[in-house]
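# Coordinates in review
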Amino acid sequence: MTEFWQTPLAETVRNSKRLAHRRVPPNDIGNWLENYAEAAPTSSNQGTTNIPFQRWFHFKEAFSPKFVADTLSSLPYKVDRCLDPFAGSGTTAVTCRMLGISSDVIEVNPFLADLIEAKLSPVRAAGFCAAYDDLMSTLEIKPADRLPIDGMPPTLSEPGVGGRFVFASDVYATIRAIVRQSDGLAPEHARLLKVLLGAVLVANSNVTINGKGRRYRRGWQARQRSASDLIKSLDESVDRAAADLTLYSGLSRSEHVVHCDDARNALARVKHADVAIFSPPYPNSFDYTDVYNLELWMLGYLRSSPGNRALRHQTLRSHVQMKWQETRPVAVSQVLGETLDALRRARADLWNPHIPEMIGFYFDDLAVVFSELRRILEPGHHAVVAIGDSQYGGIHVDVASILVECLHSLGFRLTERGAIRSMRNSSQHGGGFELSEHCLVFERL
Ligand SMILES: C[S@@+](CC[C@H](N)C(=O)[O-])C[C@H]1O[C@@H](n2cnc3c(N)ncnc32)[C@H](O)[C@@H]1O
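What counts, and at which threshold
For every chain, the first residue of the written sequence is number 1, and numbering continues from 1 onward in sequence order. At least 70 in pLDDT is required for a residue's local features to be given in this predicted model, at least 80 for side-chain atom pairs to be given and counted, and no such filter applies to totals for whole chains, interfaces and linings, which use all residues. In this text, helices come from DSSP runs of H or I with a minimum length of four residues, and strands from runs of E with a minimum of two, each type numbered from the N-terminal end. For this measure, only C-alpha atoms enter the radius of gyration; the expected value for a globule follows 2.2 Å times N^0.38, where N is the number of residues. Residues are counted as near a molecule or strand when the C-beta atom, derived from backbone positions, lies within 6 Å of that molecule or strand. The nonpolar class holds Ala, Val, Leu, Ile, Met, Phe, Trp, Tyr, Cys and Pro. Asp, Glu, Lys and Arg form the charged class, and all remaining residues, Gly among them, are polar. Note that the domain bounds were set by an automatic or database domain assignment. By the convention adopted here, residues are in contact when the distance between their C-beta atoms, placed from the backbone, does not exceed 7 Å. Two strands pair under a simple rule: DSSP has to find at least two bridges between them. Around each residue's C-beta, the other C-beta atoms within 10 Å are counted; 20 or more make the residue buried, 12 or fewer make it exposed, and counts in between make it partly exposed. All C-beta atoms are placed from the backbone. A set of buried Ala, Val, Leu, Ile, Met, Phe, Trp, Tyr and Cys residues, joined to one another through C-beta atoms within 7 Å, is what we call a nonpolar core. Confidence of the prediction at every residue is given by pLDDT, a number between 0 and 100. Directions pointing from the helix axis toward each C-beta atom define the arc. Only C-alpha atoms enter the line fits that serve as axes; for helices the fit covers just the stretch in contact. Angles between N-to-C directions range over 0 to 180 degrees. Throughout, the term roughly parallel applies to angles under 35 degrees, roughly antiparallel to angles over 145, roughly perpendicular to angles from 65 to 115, and oblique to all others. Two helices crossing with the near one rotated counterclockwise from the far one by less than a right angle form a left-handed crossing, whereas a clockwise rotation gives a right-handed crossing.

Our focus in this paragraph is the overall build of the protein chain. From N to C terminus, the protein chain includes 16 helices and 11 strands. For 445 residues, the compact-globule formula gives about 22 Å, and the C-alpha radius of gyration of the protein chain, at 22 Å, lands near that figure.

Printed below as a string of structure tokens:
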């Protein structure tokens, strides 16, 4: 059987045209997905490097717009309003906008929330480019732009620590000056500029970033990025965004709300949705606050280390880099109980002794999210989840089976389940074999 997320692209486009509300020109979704690289896994953003809006910021953990479009087309009812409680780079909201469907999305990371808002806001490209040119032609680096931000990791700017630093001093000061001067722009221009600047930070630093943190580029000392490299890449980033904004300037407004908050709180403010489509953090110890730390500090979203800690506390308890507050267990599942017992027995061999508690908290957090979804979705409507398994010390955390059990008692029935792709398990997590990433479709009973 072919699952809906394996639909060929041409069919996705045909189905989506039928889905699109009349106020959206019917060829838009086809044009938008024209350069989608179909061979890439639909649960990843690998195929989207040439897709307008999605190409503004490389968000490695995104699913594809095709996944959202296929999900929407597969539903047996009309969707007017869609919900994504873990919005990341905004794939769900942007795809909905292309289809004329309204959305509520929640994202705890303020940089990512601004990225989503920027993608959804119909800014006039000519006005933005004029404001950008004006800012850059009057850009002045003041002594304060060279100072470290209170509480920021000292390695962010030269001289750094032990001779290692993320940004050369001129690059650091130029970024800070652009951010400072952007405060004088119209709010939608300032937001867009910060987002586009965020998109070129890592490329103009001395590091690369992955789920395990920052790593210095090989030979970085000899190949430092300069302020003119930064400005050149920002110019290109602005040109790309301006082209996308111009091409899609005719899209009529559908209604979108971006809540920058912890989904465990913000869902209480969402009254109703026809469907929820999302991919929460996986319980794999990937710390989103850490991975997007450069953007958060350099663009002024974080201004103190307590602010950094507060943001980390608002994220889902999917990693062990934080000491989590103990809460009353709410997730009920036999598989979860057995997994937690096995992890506790293996505690001495795990790379972090708090892993068993973190796994319990993770499912408690998802149970809280789903108890809100039960109120928000009508009976017969769906929560469609892309989620991955995990493994610690050779013990498999079978996320799909655990969720199915936990959610049954919360009034959700699994109607479809399939592996979307396999992920390589890191040796740190106890093995080299493959872990599955699933699409789980839950019906609200
Ligand atoms: C797998 S990513 C979602 C990717 C998204 N589907 C996309 O296509 O871009 C998970 C997101 O959940 C966010 N997140 C983590 N904890 C959260 C919380 N408590 N409330 C809301 N968002 C949270 C992370 O910052 C991250 O952006």
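Resuming the write-up.
This next bit is on the site of the ligand. What surrounds the ligand is a group of 24 residues, the closest being Ala62, Phe86, Gly88, Thr91 and Ala263. Tallied by class, residues from the shell around the ligand come to 13 nonpolar, seven polar and four charged.

What follows concerns the domain arrangement of the protein chain. Per the domain assignment, the segments of the protein chain are domain 1 (4–122 + 253–444) and domain 2 (125–247). On a C-alpha basis, the centroid separation for the pair domain 1 and domain 2 is 28 Å. Taken together, the contact pairs 24 residues of domain 1 with 27 residues of domain 2. Going through the elements one at a time, helix H5 (110–120), helix H11 (288–291), helix H12 (293–298) and helix H13 (305–314) are the ones with two or more residues in the side of domain 1 that touches domain 2. Examining the composition of the side of domain 1 that touches domain 2, we find that five residues originate from one element, H5, more than from any other. Here the residues of the side of domain 1 that touches domain 2 sort into 13 nonpolar, five polar and six charged.

Alignment of strand E3 (residues 207–210) against strand E4 (residues 213–216), held across four bridges, turns out to be antiparallel. In the sheet register, Asn210 faces E4, and the bridge partner there is Gly213. The turn linking E3 back onto E4 is made up of two residues.

Glancing now at the pairing of strand E5 (residues 256–259). The side chains of a regular strand alternate, residue by residue, between the two faces of the sheet. The alternating pattern of E5 places His256 and Val258 on a buried face, while none of Val257 and His259, on the opposite face, is buried. Direction of pairing for strand E2 (residues 102–106) relative to E5: parallel, over a ladder of four bridges. By the bridge assignment, Asp104 is partnered in E5 with Val257.

Across the junction of Glu158 and Pro159, the peptide omega takes the value 15°, indicating a cis bond. Position of Pro159 among the secondary structure elements: in the loop between helix H6 (125–137) and helix H7 (169–182). Here the phi dihedral of Phe53 falls at roughly 75°; this positive angle occurs in a residue that is not glycine. Phe53 sits in the buried class, given 27 other C-beta atoms within 10 Å.

Moving on, we get to the environment of Leu9. Of note, Leu9 is situated in helix H1 (residues 9–19). Residues Leu9 and Lys66, 57 residues apart in the sequence, show an inter-C-alpha distance of 7.7 Å. Sequence-distant contacts of Leu9, defined by excluding residues within four places in its chain, comprise Leu33, Tyr36, Glu38 and Lys66.

The next thing to look at is the nonpolar core. In this structure, Ile116, Leu196, Leu197 and Ala276 are the most contacted members of the largest nonpolar core, which totals 122 residues. With 11 residues, helix H15 (residues 355–376) is the single largest residue contributor to this core. Residue assignment places this core across two domains, with domain 1 (4–122 + 253–444) and domain 2 (125–247) each supplying three or more. When sequence neighbours within four positions are dropped, the list of residues in contact with Leu197 reads Ile175, Ile178, Leu234 and Leu299.

This part covers the environment of Ala177. One can find Ala177 in helix H7. Linking Ala177 and Leu139, residues 38 residues apart in sequence, is a C-alpha distance of 7.1 Å. Apart from residues lying up to four places away in sequence, Ala177 is in contact with Leu139, Glu140, Ile141, Lys142 and Asp145.

What follows deals with the confidence of the model for the protein chain. The predicted model of the protein chain has a mean per-residue pLDDT of 91, with 95% of residues at 70 or higher. Long-range and interchain partners of residues 426–433, a stretch whose pLDDT sits below 50, account for 15 contacts in this model, where long-range means more than four residues apart.

This next bit is on H1. Of the positions making up H1, those classed as buried are Thr12, Val13 and Ser16. Taken end-on, H1 shows its buried residues confined to a sector of 95°, consistent with a single buried face. Counted as exposed and oriented over 90 degrees from the buried face of H1: Ala10, Glu11 and Arg18. Looking at the buried side of H1, the elements it contacts are helix H2 (28–33), helix H3 (65–74) and helix H4 (91–99).

Viewed as axis vectors pointing N to C, H4 and H5 meet at an angle of 10°, and their least axial separation amounts to 10 Å. Taken as axis vectors, H4 and H5 run roughly parallel relative to one another. Between H4 and H5, the contacting residues are Ala93, Val94 and Arg97 on the first element and Ile116, Lys119 and Leu120 on the second. For the contact of H4 with H5, the per-class residue count stands at four nonpolar, no polar and two charged.

The next point concerns the environment of Thr42. Tracing the sequence through the fold places Thr42 in the loop between H2 and H3. Separated by 261 residues in the primary sequence, Thr42 and Arg303 place their C-alpha atoms 37 Å from one another. Ignoring sequence-local partners within four residues, the contact set of Thr42 consists of Trp5, Phe63, Ser64, Lys66, Phe67 and Ile420.

Turning our eyes to something else, we now look at H5. Taking burial as the measure, the 11 residues of H5 include 10 buried ones, the bulk of the element. Where H5 is concerned, the buried positions are Phe111, Leu112, Ala113, Asp114, Leu115, Ile116, Glu117, Ala118, Lys119 and Leu120. Looking at the packing, one finds that the buried side of H5 touches H4, E2, helix H8 (187–198), E5 and H12.

On to the packing of H1 against H3, then. Between H1 and H3, the least distance of the axes is 9 Å, while the angle of their chain directions is 55°. Classified by the angle their axes make, H1 and H3 are oblique. With respect to the hand of their crossing, H1 and H3 are arranged in left-handed fashion. Across the interface between the two elements, Leu9, Thr12, Asn15, Ser16 and Leu19 of H1 pack against Lys66, Ala69, Asp70, Leu72 and Ser73 of H3. Taken together, the residues that form the contact of H1 with H3 break down as four nonpolar, four polar and two charged.

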